[in-house]
Amino acid sequence: MGGPRWQKLQQAGDCPGPRSSHCMAYANGRIYMFGGELQPRVPVPAATYVYDLADSTWSQLKTAGACPGPRVAATMAAIGSKLYLFGGRTGIDMGEGATGDLFVLDTAAATWAAAQPSTDCSSSTPAAPPARSYHAMTTAGGKLYVFGGCGAAGRLADLWRFDPATGAWQQLPGCESVGARGGSVLVASGDGSQLLLMGGFNGDEMRDCHSYDIAAATWNCPACCDAVDTAAVNINGSCAAKKGEAGCASQHVSSLAMPLARSVFGAAVHTGCSSSSSSAAAASGCPHAGHIVAFGGEVSPSDKGHAGAGNFCAAAYCLSPPGHPCGEACTHATAAGSNIDAAGSHRHSGWHVLDAAGEGPGPRGWFAAAAVAGGDLVVHGGLGGDISRMGDMFRLCMH
């Protein structure tokens, strides 16, 4: 079984061209793309592009129905053969031109439709999430999950679920220790039981990670922030903050905390070999089974705001889940100290450098990312440190 490697993807046909702040999702062997910008927060024309992984060819999809309008900073995720696009904005300032609409693309029929949420007139809670951009979205168990982003009155820290079967949104329990942010990433664990929220920007780049148990409807905080001392950490939360201190709303210092604070990056869960359980991982022989892989992002913001470009990262990191039989099998973590403790032993959980071969993407943020079949991460475009928008495309092949 070969090790992880970057592959620069060829692009033929009607290519979408350079852009940033766009969104992508994968369905049935193809990657779909929508939106983005060439100039800061000026949306490109509304068009749906599709990339066929089999022949490395782009085409502009001729769609029917109610197509979403031009926008930046929307999210897109797949449930089966249907793609769901939510939110985004058309202006420069945080709340300017923000949207809260939800569209669904039937890829088999090439038809867009506006998904109208069901309403409960007897409820005092909102029927749908407020308008936002630069939020995070993923799927688990056939449902959409949306967290945070930039709203009309500031950054948000709310978690919502949309059920396509009922057409209803539901606001899920929040936690004041999980701070408001934009530019974060939300992924589901390999078995679909948990959501993992990573990084983001709240005026500063963030490196905290929090897990949300879907069945129990609970975050791993604030229990971690009520710790009396800096106890050992695990996936259920144990924070370096002492009782009464600011805690996770500032930085969640745990084995889940990212090695480098960042926002507007990409991540995927490697699901190609097995489930994320330790026994299945051992049986598969894959040292990455169930791992979360993150790439790139902005590690410090520009002093020019949206008109500039901050400092970006080109490193890939891997999070091995607790209980994974890491040991010497973690040959992909080769950087000194990347997953080795002070005694020289391998940790059984935590982030470590992913030492991938091949030609990888340069430093960037604000790119589009999608997990393809098996959990390989595909990256397109983004913004570089020279304020240029890129149109190249890479795949991080785990083996």
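So, here's what we can say about the structure. Note that the structure is predicted; figures quoted are calculated from it, not measured. (Residues numbered from 1 in each chain as written. Predicted model: local features only at pLDDT ≥ 70, side-chain atom pairs only at ≥ 80, totals over all residues. Heavy atoms only, no water.)

### Here's the deal with the sheet that holds strand β27 (residues 350-353)
Rules: Any two strands with at least two DSSP bridges between them are considered paired. Secondary structure elements are taken from DSSP: a helix is a run of H or I of four residues or more, a strand is a run of E of two residues or more, and numbering for both begins at the N terminus. Axis definition: a line fit to C-alpha positions, over the contact stretch in the case of helices; interaxial angles, taken between N-to-C directions, run 0 to 180 degrees.
With antiparallel pairing, four strands are arranged side by side in an open sheet as β22-β23-β26-β27. Strand pairing shows two members of the sheet lacking a second neighbour, β22 (266-269) and β27, which therefore form its edges. Put simply, the sheet's adjacent strands are angled 25° from each other on average, direction ignored. Pairing geometry for strand β26 (residues 316-320) and β27, over four bridges, is antiparallel. Note that in β27 the partner of Cys318 across the bridge is His352.

### What to know about the side chain of Ser263
Convention followed: Distance and chemistry together define a polar contact, namely a pair of N or O atoms within 3.5 Å, with one atom able to donate a hydrogen and the other to accept it when in protein, and with adjacent residues in sequence counting only for side-chain atoms on both sides. Any pair of residues with heavy atoms lying within 4.5 Å of one another is described as a contacting pair.
In this structure, Ser263 sits in the loop between β21 (218-219) and β22. A distance of 2.7 Å separates the side chain of Ser263 from the side chain of Glu205, its partner in a polar contact. Not counting residues up to four positions away in its chain, the partners in contact with Ser263 are Gly182, Gly183, Gly200, Phe201, Glu205, Gly297 and Glu298.

### A short note on the pairing of strand β19 (residues 194-201)
The test is simple: Exposure categories follow from relative accessible area, calculated using a 1.4 Å probe and restricted to protein chains: below 20% of the type maximum is buried, above 50% is exposed, and the middle band is partly exposed.
By the criterion of burial, β19 is predominantly enclosed, with seven of the eight residues buried. As paired elements, strand β18 (residues 185-188) and β19 share four bridges and run antiparallel to each other. Residue pairing across strands places Val187 opposite Leu196, the latter belonging to β19. Count of turn residues in the β18/β19 antiparallel hairpin: five residues, of which Gly192 carries a positive phi of about 75°. Across seven bridges, β19 lies against strand β20 (residues 205-213) in antiparallel orientation. When the bridges of β20 are listed, Gly200 appears paired with Met206. Linking two consecutive strands that pair antiparallel, namely β19 and β20, is a turn of three residues; a positive phi of about 110° is found at Gly203 within it.

### Focus on the nonpolar core
Cut-off, in case you're wondering: We call a set of buried Ala, Val, Leu, Ile, Met, Phe, Trp, Tyr and Cys residues a nonpolar core when their side-chain atoms join them within 4.5 Å.
Membership of the largest hydrophobic core comes to 16 residues, with the highest contact counts inside it found for Tyr145, Phe147, Leu159, Leu186, Leu195, Tyr212 and Trp219. Within the residue set of this core, elements represented by two or more residues are β14 (136-140), β15 (143-151), β18 and β19. What Leu186 contacts, discounting residues up to four positions off in sequence, is Ala136, Met137, Thr138, Tyr145, Phe147, Leu195, Leu196 and Leu197. Val185, Val187, Leu256 and Ala294 belong to the second-largest nonpolar core, a separate cluster that totals 15 residues.

### Remarks on the packing of aromatic side chains
As a reminder, the rule being used: Each aromatic pair joins two rings of Phe, Tyr and Trp (for Trp, the six-membered one) with centres within 6.5 Å, and gets the label stacked for planes under 30 degrees apart, edge-to-face for over 60, and tilted for any other angle.
Under the criterion given, the structure shown has 14 aromatic pairs. On the numbers, 5.3 Å between centres and 80° between planes, the contact of Tyr134 with Trp366 is edge-to-face. Taken together, the residues span a long stretch of sequence, with Tyr134 in the loop between β13 (111-114) and β14 and Trp366 in the loop between β28 (357-358) and β29 (368-371) at a distance of 232 residues. Neither Tyr134 nor Trp366 differs from the other in exposure class; each is buried. Taking 6.0 Å as the distance between ring centres and 70° as the angle between the ring planes, the aromatic pair formed by Phe147 and Trp219 counts as edge-to-face. Remark: Trp219 occurs in strand β21 and Phe147 occurs in strand β15; sequence separation between them is 72 residues. Just as Phe147 is buried, Trp219 falls in that class too. Ring-pair connections join several aromatic residues into one group, and the members of that group are Tyr84, Phe86, Trp160, Phe162 and Trp169.

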